[in-house]
Amino acid sequence: MKSNYLFILITCLLISCENNSQSKSSNTTSNKVENLYFSKVDHTKAKISSEEYSKNFNLHNNAYLSIVFNLDKPLIESLQELAPSLSEDELLSKGNFQFSYIVDEKLIYVENLNPGAGPKTRKTEKLRQAIPLVTPERIDFWGWFMWQRFMKFNGGQDAFTEGNHTLSIEIRPYLKEDILKVGPLLAKGNIAVEVPKIIIDENLVPVQKIQPNSGWEISKTNFDSSKIEALNRKIAEGRFEDINGIVVIKKGELLIEEYFDNTTRDSLHDTRSVGKSFASTILGIAIEERLIKNEDAFLKDFYNLKSYKNYSTKKDSVTLKSLLTMSSGFLGDDDDDDSPGTEDKMQSTDNWVKFTLDLPMHKDKVIGRDYNYFTAGSALLGDIIHKSVPNGLVSYADKKLFAPLDITNYKWFYTPQNIGYTGGGIQLRAIDFAKYGQLYKNKGLWNGKQILSKDWVEKSLAKQVSQAYAGIEDGYYGYLFWNNMYTVNGKDYEVSFSAGLGGNKIIIFKDIPFVVVITASAYDKPGAYIHIDKMMTDYILPAILDKR
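Scoring rules and cut-offs
Residues numbered from 1 in each chain as written. Predicted model: local features only at pLDDT ≥ 70, side-chain atom pairs only at ≥ 80, totals over all residues. Heavy atoms only, no water. Pairing = 2+ DSSP bridges. Helix = DSSP H or I, 4+ residues; strand = E, 2+ residues; numbered from the N terminus. Expected span 1.5 Å × (residues − 1). Buried < 20%, exposed > 50% of the residue type's maximum accessible area, 1.4 Å probe, protein only. Arc of directions from axis to C-beta. Contact = heavy atoms within 4.5 Å. 1 Å grid on protein atoms, 1.4 Å probe; cavity = no way out; pocket = protein on both sides within 12 Å on 5 of 7 lines; lining within 4 Å. Points joined across faces, edges and corners; volume = space filled by probe spheres on them. Nonpolar A, V, L, I, M, F, W, Y, C, P; charged D, E, K, R; others polar. Polar contact = N/O pair within 3.5 Å; in protein donor to acceptor, adjacent residues only side chain to side chain. Salt bridge = Lys/Arg side-chain N within 4 Å of Asp/Glu carboxyl O. Core = buried A, V, L, I, M, F, W, Y, C linked by side-chain atoms within 4.5 Å.

**As for the sheet that holds strand E13 (residues 269–270)**
- Here three strands make up an open sheet; going across it, the order is E13-E15-E14 and the pairing antiparallel. The sheet is open, and its two edges are formed by E13 and strand E14 (410–411), each paired on a single side.
- Of the pairings in the sheet, the one linking E13 to strand E15 (residues 427–428) comprises two bridges and is antiparallel in character. By the bridge assignment, Asp270 is partnered in E15 with Gln427.

Encoded structure:
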């Protein structure tokens, strides 16, 4: 349900990847400067002294790793040498440190640290720099996040194979205007890194046999089991964290069904914001049955908006469609902790509908065009459905959606008013989430019955709103569904999908006959979605496409 942490991480990744591609040519490992040191002590308890510097690090067994280096002059002076005509504020808005990670004399990753990272005094006054990289628990410090980006998303884990390695870190100043300028080497140091063998239960590696009574026909199609076994090994080693289940449907038949971390077929999975898509589904059914006029109906048709705080005539123009597409114009953005309308702030109140309707409107956002990830808006849809259908939301959903799909084992999360929460949190079995995905793959048809209109399915999965207004290039959003593209061996595969915190996804392929469900519980782990996408492009899709 919480997406702000994910959004910040993805934004940082996009920045660092751009910097990576632009900067590698500027680096060399030939410099002889050796003034950067490593330490394995707990930096939170004491200032790191020279007596505590280390020459070796065990990747799996040492809990802490920090770097310490001393500059001859503050960073701002090195930035001034790159652009003497710029003011101090301009320099600090365009530049910072550049870090190069080199493993066994091979450049693995370059990050131009975001200009906003670190306090101003670190760049204008400080000579001694102490930066924690590795800690037992996540810390809110840019050095920790940088190490995660290096290790998990930019080649670090792959470079540190079992055995002994040398890690070098080089630091330079950089400035990004129309072109990227990189200054001379400021600091460099080496440490020996030991990577012990990861001991796993080898019984976790083979492809799991599909058990009977799944409710699906079992596919007789072959797939590349070696790729799935390679994926299972990565999961067992913890390289892909907190994966609970993988289900692959091909042409409406069960092809792959795998469970991990003590989960089984009957386990219910808390998929967080995957539940938003269900609000779209139930609303579509209610519209088809003419219990709600259509998605162009106005919010004012359901509430006396003038009786809530911050009323404006702009609020009268909010439609159900704008709530479905996260473009309602409310001053609410889960990707911004400072926003007054985040999910966390809503859930700290005792009336979530009132909280949402009390919010002011954004002065500049255009309703129906400008995207903001707004969980409170999708929760509001649940209240609208609840008051519009017979016997309320939960009963209606059971009768019109779950019963026709023969889904009997599920669990709702409820609002303080005891209404099913459509902002996220509904729990199903992984194999039943696959039924939900297959319903959309079938254009709303299930066992010969049109549960959901074809027109609604097409509109739901379409590219309704560009996410460029939220800083996500080439991103689009439908009716509480996302859009994306997977590329394997140079070929693109278009998908629509539901997504929830922790790495949960229901993936519906547009042009090939697959639905994939991945359930995961990496709720507080960075890059959960990125790991899921890597699982798809490097293992699952190659396994099922090769034998298609």
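We are not done yet, so read on.
**Observations concerning helix H7 (residues 225–237)**
- Given a rise of 1.5 Å per residue, 13 residues ought to cover 18 Å, and the 18 Å separating the end C-alpha atoms of H7 matches this to within 8%.
- Along H7, the residues classified as buried are Ile228, Leu231, Asn232 and Ile235. On an axial view of H7, the arc spanned by its buried residues comes to 100 degrees, and they lie on one face.
- Of the surrounding secondary structure, the elements contacted by the buried residues of H7 are strand E11 (243–250), strand E12 (253–259) and helix H16 (528–545).
- Positioned one or two residues after H7, Gly238 has a phi angle of 85 degrees, which is positive.

**Considering the layout of surface pockets**
- A volume near 1000 Å³ is recorded for the second largest pocket.
- Taken together, 33 residues make up the lining of the second largest pocket; nearest its centre are Leu59, His60, Met151, Lys152 and Gln157.
- Secondary-structure elements contributing two or more residues to the lining of the second largest pocket are strand E7 (128–134), helix H5 (142–153) and H7.
- Top element by residues in the lining of the second largest pocket is H5. It accounts for five residues.
- Of the residues that constitute the lining of the second largest pocket, the class distribution is 14 nonpolar, eight polar and 11 charged.

**Focus: the side chain of Asn244**
- With respect to the element layout, Asn244 can be found in strand E11.
- Judged by its relative accessible area of 7%, Asn244 falls in the buried class.
- Within the local environment of Asn244, its side chain forms a polar contact with the backbone nitrogen of Ser521, the two atoms lying 3.4 Å apart.
- Setting aside residues up to four positions removed in sequence, Asn244 forms contacts with Glu258, Tyr259, Phe260, Asp261, Thr263, His269, Thr519, Ala520 and Ser521.

**Things to note about the pattern of salt bridges**
- A complete count under the given rule lists 28 salt bridges for this structure.
- Here Glu81 ties to Lys73 by a salt bridge, and the two come within 2.4 Å at their closest N and O atoms.
- Take Glu81: its relative accessible area is 52%, and that puts it in the exposed class.
- Its salt-bridge partner being Glu289, residue Lys400 comes within 2.8 Å of it at the nearest N-O pair. Of this pair, Lys400 sits in helix H13 (residues 392–402) while Glu289 sits in the loop between helix H8 (275–288) and helix H9 (320–324), and the two are 111 residues apart along the sequence.
- Since its relative accessible area comes to 25%, Lys400 is described here as partly exposed.
- Given the relative accessible area of 34%, Glu289 is considered partly exposed.
- Each of Lys152, Glu241, Asp242 and Lys525 takes part in one network of salt bridges that share partners.

**Details of the nonpolar core**
- If you look at the biggest cluster of nonpolar residues, it comprises 113 residues, and the most contacted ones within it are Ile246, Leu299, Leu401, Phe402 and Phe509.
- Excluding residues that lie within four positions of it along the chain, Ile246 makes contacts with Leu231, Ile235, Ile256, Glu257, Glu258, Phe260, Val517, Ile518, Met535 and Ile540.
- Leu59, Tyr101, Phe150 and Ala187 belong to the second-largest nonpolar core, a separate cluster that totals 43 residues.

**What about the pairing of strand E10 (residues 187–195)?**
- As judged from the three bridges shared by strand E3 (residues 56–58) and E10, these two strands associate in the parallel manner. Counterpart to Asn58 in the pairing with E10 is Glu194.
- Where strand E8 (residues 163–176) meets E10, nine bridges bridge the pair, whose relative direction is antiparallel. Residue pairing in the sheet places His165 in a bridge with Val193 of E10.

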